[in-house]
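Close look at the chain arrangement
One-letter residues, chain by chain:
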Amino acid sequence: MTADFQDSDSTAVLPLSHALLLPRIAIESTSPVLENGQFAVKATQGRTVDVTTKVFTDGHDQLAVMLHWRRAEHQEWSTAAMTFVGNDGWAGQFEVPLQGRYEFCIEAWIDRFASFCHELEKKHQAGVPVSLELQEGRVLVQHAIERTQGELQAQLQTLLIQLAGLLETEQVALFLHESSAHLMAQAQYHAYVSLSPRYPVEVERPLAEFASWYELFPRSMTHDPARHGTFNDVIERLPMIHDMGFDVLYFPPIHPIGRRHRKGPNNSLQAGPDDPGSPYAIGSEEGGHEAIHPQLGTRDDFRRLVQAAASHGLEIALDFAIQCSQDHPWLTQHPGWFNWRPDGTIRYAENPPKKYQDIVNVDFYAPDAIPSLWLALRDIVLGWVQEGVKLFRVDNPHTKPLPFWQWLIAEVRSAHPEVIFLAEAFTTPAMMARLGKVGYSQSYTYFTWRNTKAELTQYFTELNQSPLRECFRPNFFVNTPDINPRFLQESGRAGFLIRAALATMGSGLWGMYSGFELCESAALPGREEYLDSEKYQIRPRDFTAPDNIVAEIAQLNRIRRQNPALHTHLGVTFYNAWNDNILYFGKRSADGSNWVLVAINLDPHHVQEAHFELPLWEMGLPDDAATRGEDLMSGHRWTWYGKTQWTRLDPAVQPFGIWRIKPL
């Protein structure tokens, strides 16, 4: 069957009856809006949503422009006048104190009384006779009286009486007084009203915008590679994770692991009897996505872990990986959820050149899978929510249908707006942005592969611009079990500090996989993968090993918490530092009270020096002004004199500077 496309007729005549119904006032270029309102823009609980728009009409009439907003489930709207900012631009804002869905719209009309006052003031100041204008003004007040009743009507009648007893100059002053404008605004007729569409806003809790994630494999929380770690072992590690300043403790899948085609060390195709296999090969006779791997502990053990984490200020995040081992109960219980080959076998998962012989995928659009598979997956998420899990890192969401995610996330968040979804999507920019539009709270990024000053400047700038700023919250993971970045393989301890500083200062969201604090970098030859990967074996660690960067990570997280300017990726500004190896930028809080400057030596092997500029012009200060500086890593304070300064960043000591600046 082929689609029946019809050519549009650009020369079609607009019927007069239709033209007369078109809005006389234009409302356009409204922000924040995604795809004309098809998707909700992202906002954070407790903050304000800043709205801008262009509103204009023919002639010189004055406009009234109002911003309306409400929670989506409420009937009543809140309203505030928008402020004219020049060049047809209007600005307003509203607060979003609760999680969930909001909506806003813009209403505009010709303000007859404001138009009258505008003309009256101009003519009076020019010395033009205004007796007829004053008569027209009194007619406007009389008409307002006829449209009102009660106290407002009485106040308008008093105004009309006052006008009748005043001299011409005094009448002008009374017409232009703000009290008259206030009365008339309550009573006037709204001429030629235009109303924008309703635009949705999804409001999430602050942890969706500002959080530090720490990833570990529970089974490796052991001192003996022959002993499988447990949830109780993780509980013992919680104080150290808390002391490093993390908010979220994230686990790869904790479910039973299949045995057929189980992978051995370093992704080998032959597994020994004691090899634990990859946790991403989900499912065995013990259960599937709803079950817990028996060697990790019981469900009660998991509940104790969730409670213990909360007592240390940590939330547990789980991996939601929609794939199955060939031992998953679904293959026998729901064979119609999978695609079978003609010989009765099932195709395993691939991402060339990677092959996952131990994993098979479901078919979301198989006849037997609609709607049962979709509902089963939703219920799995809701089941873990009932266990106290409110954060989910989703494995490869870009390989699953977008309509599924749009439906599932809306279903979960309609009942539990506190739930946060992190997309592990390393794919094309359009797909990554679309995942944010359909509901993902945050996403992995290209940050891992941005290393030079030009690359980082371009990427940070892109994340701060529309449409990404409305739909995409970047989580700057410095490494993952799947990605051992080449930069870290070659840069030593200094490289780990460089990447930690970039991530913690560049975004409100960042994450690290266990071992980063120990500067682990041994790689498979020629690959961005870890040698002896923890995905395929138990890997005990000594977290107090020499040359670790635990203290530096703890201080970076402390700086983040103490400085509101660093609670989001938005608001970054790049300043001049005359050295291509030094990235220099600033971030300032919305109220301007907190201002952090960051200079990072991107060269892990050599000392780099540069003159740089303090942004005195943004403080309204002259180039020779004095300002107060503070090193947020050491606590040292000093006075800067003038705009041009100098820094020396030694990777053997500390390859970055993080300074708080204040006017004297």
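Residue positions are given per chain, counted from 1 along the sequence in the order it is written. Only residues with pLDDT of at least 70 are given local features in this predicted model, and only at 80 or more are side-chain atom pairs given and counted; all residues enter the totals for whole chains, interfaces and linings. Only heavy atoms go into the side-chain values, all of them from the structure, while hydrogens and water stay out.

**Digging into the nonpolar core**
The criterion is simple. A nonpolar core is a set of buried Ala, Val, Leu, Ile, Met, Phe, Trp, Tyr and Cys residues joined through side-chain atoms within 4.5 Å. Only protein chains enter the accessibility calculation, which uses a 1.4 Å probe; a residue whose area is less than 20% of its type maximum is buried, one above 50% is exposed, and one in between is partly exposed. Membership of the largest hydrophobic core comes to 130 residues, with the highest contact counts inside it found for Phe302, Trp405 and Phe421. The biggest single contributor to this core is helix α15 (residues 486-506), with ten residues. Any pair of residues with heavy atoms lying within 4.5 Å of one another is described as a contacting pair. Apart from residues no more than four positions distant in its own chain, Trp405 is found in contact with Phe320, Ile322, Val394, Pro397, Lys400, Leu435, Val438 and Tyr440. A run of H or I in DSSP counts as a helix once it spans at least four residues, and a run of E counts as a strand once it spans at least two, with each numbered from the N terminus.

**Let's talk about the environment of Gln654**
Here Gln654 is to be found in the loop between β27 (644-649) and β28 (656-663). Residues Gln654 and Ala108, 546 residues apart in the sequence, show an inter-C-alpha distance of 56 Å. Setting aside its immediate chain neighbours within four residues, Gln654 contacts Met633 and Leu649.

**A few points about the sheet that holds strand β7 (residues 89-95)**
Here the rule is simple: two strands pair whenever DSSP picks up at least two bridges between them. Spatially, the four strands line up as an open sheet ordered β1-β3-β7-β6, and their pairing is antiparallel. Single-partner strands in this sheet number two, and they are β1 (26-31) and β6 (83-86). Taken over all neighbouring pairs, the strand axes of this sheet differ in orientation by 30° on average, direction set aside. A fitted line through C-alpha atoms serves as each axis, taken over the contacting stretch for helices, and the angle formed by two N-to-C directions is quoted from 0 to 180°.

**A word on the UniProt feature "active site" (unreviewed entry) in the protein chain**
UniProt positions are given in the numbering used here, feature names are shortened, and annotations may be inferred rather than shown by experiment. Here the UniProt feature "active site" (unreviewed entry) sits at Asp395 and Glu424. Judged by maximum C-alpha separation, these annotated positions cover 30 residues in sequence but sit close together in space, the widest gap being only 5.4 Å. With respect to the helices and strands, the residue Asp395 is situated in strand β16 (residues 391-395). Given a relative accessible area of 6%, Asp395 falls into the buried group. Contacts of Asp395, omitting those with residues within four sequence positions, involve Tyr280, Asp319, Phe320, Ala321, Gln323, Lys400 and Glu424. Mapped onto the elements, Glu424 comes out in strand β17 (residues 420-424). On the basis of relative accessibility, which here comes to 5%, the residue Glu424 falls in the buried class.

**What to know about the pairing of strand β23 (residues 595-601)**
With seven of seven residues buried, β23 is to be regarded as a mostly interior element. Residues Trp595, Leu597, Ala599 and Asn601 of β23 are buried on one face, and the alternating residues Val596, Val598 and Ile600, pointing to the opposite face, are buried as well. Following strand β22 (residues 582-588), the chain reverses through six residues before pairing antiparallel with β23; Gly592 in that reversal takes a positive phi of roughly 80°.

**So, the side chain of Arg262**
In this fold, Arg262 is placed in the loop between β12 (248-251) and α8 (299-311). Among the polar contacts listed, one links the side chain of Arg262 to the backbone oxygen of Ile257, at a separation of 3.1 Å. Within 3.5 Å is the distance limit for a polar contact, defined as a pair of N or O atoms, with the added protein rule that one can donate a hydrogen and the other accept it, and that residues adjacent in sequence qualify only through two side-chain atoms.

**Observations concerning helix α11 (residues 402-415)**
For an α-helix, the turn length of 3.6 residues means that residues three or four places apart are oriented alike. With 14 residues, α11 should cover 20 Å at 1.5 Å per step; its first-to-last C-alpha distance of 21 Å lies within 8% of that length. Packed against the buried residues of α11 are β10 (199-204), β13 (315-320), α10 (372-386), β16, β17 and α12 (429-437). The span you would expect from a helix comes to 1.5 Å times its residue count less one.

**Remarks on the packing of aromatic side chains**
Think of it this way: a Phe, Tyr or Trp ring, Trp meaning its six-membered ring, pairs with another when their centres are within 6.5 Å, and the plane angle makes it stacked under 30 degrees, edge-to-face over 60, tilted otherwise. Under the counting rule described, the total for this entry stands at 43 aromatic pairs. In this structure an aromatic cluster arises from ring pairing among Phe320, Phe364, Tyr365, Trp374, Phe392, Phe404, Trp405, Trp407, Phe421 and Tyr440. Over the ring of Trp595 we find Arg588, and its NZ or CZ is 4.1 Å from the ring centre. Both a distance and an angle decide whether a charge sits over a ring: NZ of Lys or CZ of Arg must be within 6 Å of the ring centre and within 35 degrees of the ring normal.

**Focus on helix α6 (residues 178-187)**
Looking at α6, one finds that the buried residues are Ser180, Leu183, Met184 and Ala187. Seen along its axis, α6 keeps its buried residues to an arc of 95°; they face one direction. Residues Glu178 and His182 are exposed on α6 and point more than 90 degrees away from its buried face. For α6, the secondary structure elements touched by its buried residues are α2 (112-125), α3 (131-147), α4 (150-164) and α5 (168-176). The arc under discussion is defined with respect to the helix axis, by the directions toward the C-beta atoms.

**Some points on unusual backbone geometry**
A cis amide bond links Ser31 to the next residue, Pro32, at an omega of 5°. With respect to the element layout, Pro32 can be found in the loop between β1 and β2 (41-44). Of the consecutive residues Ile370 and Pro371, the connecting peptide bond is found in the cis state with omega at 0°. Note that Pro371 resides in the loop between β15 (354-360) and α10. Within the chain, Asn87 stands out as a residue other than glycine whose phi angle is a positive 55°. As for its placement among the helices and strands, Asn87 is situated in the loop between β6 and β7. Despite not being glycine, Tyr192 has its phi angle at roughly 55°, a positive value. Locating Tyr192 in the fold gives a position in strand β9 (residues 191-195). Taking the relative accessible area as the measure of exposure, Tyr192 reaches 42% and is therefore partly exposed.

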